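Fold and geometry: a report
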Number of protein chains: 2
Amino acid sequence: MTQTTLDPIPDASLPTMPGQRLARGVCRHLRALDFAVIEEFVPATGLRVDVLALGPKGELWVVECKSGRADFQSDRKWHGYLDWCDRFFWAVDQDFPTELLPEDTGLILADSYDAEIMRMGPETPLPPARRKVMVQKFARHAALRLQALRDPAAGISGV
Amino acid sequence: MTQTTLDPIPDASLPTMPGQRLARGVCRHLRALDFAVIEEFVPATGLRVDVLALGPKGELWVVECKSGRADFQSDRKWHGYLDWCDRFFWAVDQDFPTELLPEDTGLILADSYDAEIMRMGPETPLPPARRKVMVQKFARHAALRLQALRDPAAGISGV
């Protein structure tokens, strides 16, 4: 079956990778919930979360975006993310076999353009000292990337 | 005397306002000192600082950029900024009459491309509760602006 394109305006900003497309939709939805978001955040050496969101009350949510069964089943690190957030969510598209996902984790249904929270992840509040470190790292990560976009000559290396 | 342009490459990203040009040079220098920076930050209603910088140890510096004598002398709000940072600096260009500036404030000499700290502002550590609020606001401000640049369709309003 040939796919019919209904949208006449090409979306030049659409990310190429399926996981990044889900992340964009997730970030748009979280923005509407008054969360500030960053992507590809490194909480500790060897860990990289797809989306870290900072809520209006300082709550920190992690969202891992999975493009399909293989992407989920090859993930050996996700348990490690639980220690770095107040709530943890998976984000998947409508074709994902959600029965694979652990029931005691959050679930977000997403596409490139928007998302919807289907199940809240349980609340596991961060210890205050770790929260402080995380918010400060969030702040620096976001500001360094912002400066790199606004002023590419500022000599920013990867953050 | 006609100004001679030595640089053959036009700098398309050069801000148009003199104060913003100083801010760019300040931000580049602070970046080299491992500070993350944001511009035009509102710490409280009615206040807007030109540059807020977050250092590697969590220190918060405010830099006010002044394009000339009149710009400085018309500023009725700067005393209010002292309560929102660990150190306060003025940033001015080489033609600014620096004898106008209070001696117990920091001084940065800047142009559009770089800057240099001439005098450190005295250290006045923020109370922990206020620091926590400021770092969180810094984080949200930076992330919201970053998302607005990366994904303009995300429906970001002014932050």
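As a starting point, this report considers the structure included with it. Keep in mind that this is a model prediction, so the values were computed, not measured. (Residues numbered from 1 in each chain as written. Chains lettered and ligands numbered in written order. Predicted model: local features only at pLDDT ≥ 70, side-chain atom pairs only at ≥ 80, totals over all residues. Heavy atoms only, no water.)

The subject of this paragraph is the interface of chain A and chain B. Across the contact, 34 residues belong to chain A and 34 residues belong to chain B. Both sides of the chain A and chain B interface together cover about 2,800 Å² of buried area, and 58% of this is carbon and sulfur. Considering only the side of chain A, the residues that lose the most area to chain B are Arg31(A), Arg140(A) and Leu146(A), jointly responsible for 22% of the buried surface there. Viewed at the interface, chain B and chain A are joined by six salt bridges. For Arg150(A), the salt bridge goes to Glu39(B), with nearest N and O atoms at 3.6 Å. In this structure, the connection of chain A to chain B is made through eight residue pairs in polar contact (both at pLDDT 80 or more). If you list the elements that add at least two residues to the side of chain A that touches chain B, you get helix H1 (18–32), strand E1 (36–41) and helix H4 (128–150) of chain A. At 13 residues, H4(A) tops the list of elements feeding residues into the side of chain A that touches chain B. Each residue belonging to the side of chain A that touches chain B can be placed in one class, and the counts come to 18 nonpolar, six polar and ten charged. (Contact = heavy atoms within 4.5 Å. Buried area = accessible area lost by both parts, 1.4 Å probe. Salt bridge = Lys/Arg side-chain N within 4 Å of Asp/Glu carboxyl O. Polar contact = N/O pair within 3.5 Å; in protein donor to acceptor, adjacent residues only side chain to side chain. Helix = DSSP H or I, 4+ residues; strand = E, 2+ residues; numbered from the N terminus. Nonpolar A, V, L, I, M, F, W, Y, C, P; charged D, E, K, R; others polar.)

On to the nonpolar core, then. Of all hydrophobic cores here, the largest spans 58 residues; its most connected members are Ile38(A), Leu52(A), Phe138(A), Ile38(B), Leu52(B), Leu60(B) and Phe138(B). Not counting residues within four places of it along the chain, the set of residues in contact with Leu60(B) comprises Leu52(B), Ala53(B), Leu54(B), Cys85(B), Asp86(B), Arg87(B), Leu126(B), Arg131(B), Met134(B), Val135(B) and Phe138(B). (Core = buried A, V, L, I, M, F, W, Y, C linked by side-chain atoms within 4.5 Å. Buried < 20%, exposed > 50% of the residue type's maximum accessible area, 1.4 Å probe, protein only.)

Attention now moves to the relation of the copies chain A and chain B. After a rotation of 180° and a shift along the axis of 0.0 Å, chain A superposes on chain B with an RMSD of 0.0 Å. Look at the turn and shift together and you get a two-fold axis relating the two. If distances are taken from each C-alpha of chain A to the rotation axis, the shortest is found for Ala139(A), at 1.9 Å. The share of interface residues of chain A whose copies in chain B are also at the interface is 100%, consistent with both copies meeting through the same surface. (Least-squares fit on C-alpha atoms with pLDDT ≥ 70 in both.)

A word on the sheet that holds strand E4 (residues 87–92) of chain A. All names here are of chain A. Strand order in the open sheet made by the six strands is E1-E2-E3-E4-E5-E6, with mixed pairing throughout. The sheet is open, and its two edges are formed by E1 and strand E6 (115–119), each paired on a single side. Across the sheet, the axes of successive neighbouring strands diverge by a mean angle of 30°, strand direction being ignored. The sheet contact formed by strand E2 (residues 49–54) and strand E3 (residues 60–65) spans four bridges and is antiparallel. Across the sheet, Leu 52 pairs through a bridge with Val 62, a residue of E3. (Pairing = 2+ DSSP bridges. Axes fitted to C-alpha atoms, helices over the stretch in contact; angles between N-to-C directions.)

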